[in-house]
Amino acid sequence: MQYKFGILLAATRDSAFSIGTLLINIQAVMKDKVDMFYIVHDGFVESDKKAMTKIVRGGGG
């Protein structure tokens, strides 16, 4: 599947909350325009990953 518009974010393991907040803000403003988020990180824990997935799939925020 090819995505039309993706956003690349880079983060450290300590910035999971900030990235989550950024995802919520982007979703609030550009939900219909963003097809995919790519997040490069150095060690988010599994609960952080699940929370971010929930946000971008419409269940968070």
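Residues numbered from 1 in each chain as written. Predicted model: local features only at pLDDT ≥ 70, side-chain atom pairs only at ≥ 80, totals over all residues. Heavy atoms only, no water.

Trainee: Honestly, the environment of valine 45 in this entry has me stumped. Any pointers?
Mentor: As for its placement among the helices and strands, valine 45 is situated in the loop between strand 2 (36-41) and helix 2 (46-56). Expressed as a C-alpha distance, the spacing of valine 45 and arginine 13, which sit 32 residues apart in the sequence, is 7.8 Å. (Helix = DSSP H or I, 4+ residues; strand = E, 2+ residues; numbered from the N terminus.)

Trainee: Explanation requested: helix 1 (residues 16-30) in the structure shown.
Mentor: Residues lying three or four places apart along an α-helix face the same way, a consequence of the helix completing one turn every 3.6 residues. For helix 1, which comprises 15 residues, the first-to-last C-alpha distance of 20 Å matches the rise-based estimate of 21 Å (1.5 Å per residue) to within 8%. Among the structural elements, strand 1 (6-11), strand 2 and helix 2 are those in contact with the buried residues of helix 1. (Expected span 1.5 Å × (residues − 1). Contact = heavy atoms within 4.5 Å.)

Trainee: What should I look at first to understand the layout of surface pockets in this one?
Mentor: A probe as big as a water molecule, rolled over the atoms, marks out the empty space that is left. Of the pockets and cavities examined, the largest pocket occupies roughly 310 Å³. Looking at the largest pocket, it is lined by 15 residues, and the ones nearest its centre are Phe37, Ile39, Met52, Thr53 and Val56. Among the elements of the structure, helix 1, strand 2 and helix 2 are those that each provide at least two residues to the lining of the largest pocket. Residue composition of the lining of the largest pocket, by class: eight nonpolar, three polar and four charged. (1 Å grid on protein atoms, 1.4 Å probe; cavity = no way out; pocket = protein on both sides within 12 Å on 5 of 7 lines; lining within 4 Å. Points joined across faces, edges and corners; volume = space filled by probe spheres on them. Nonpolar A, V, L, I, M, F, W, Y, C, P; charged D, E, K, R; others polar.)

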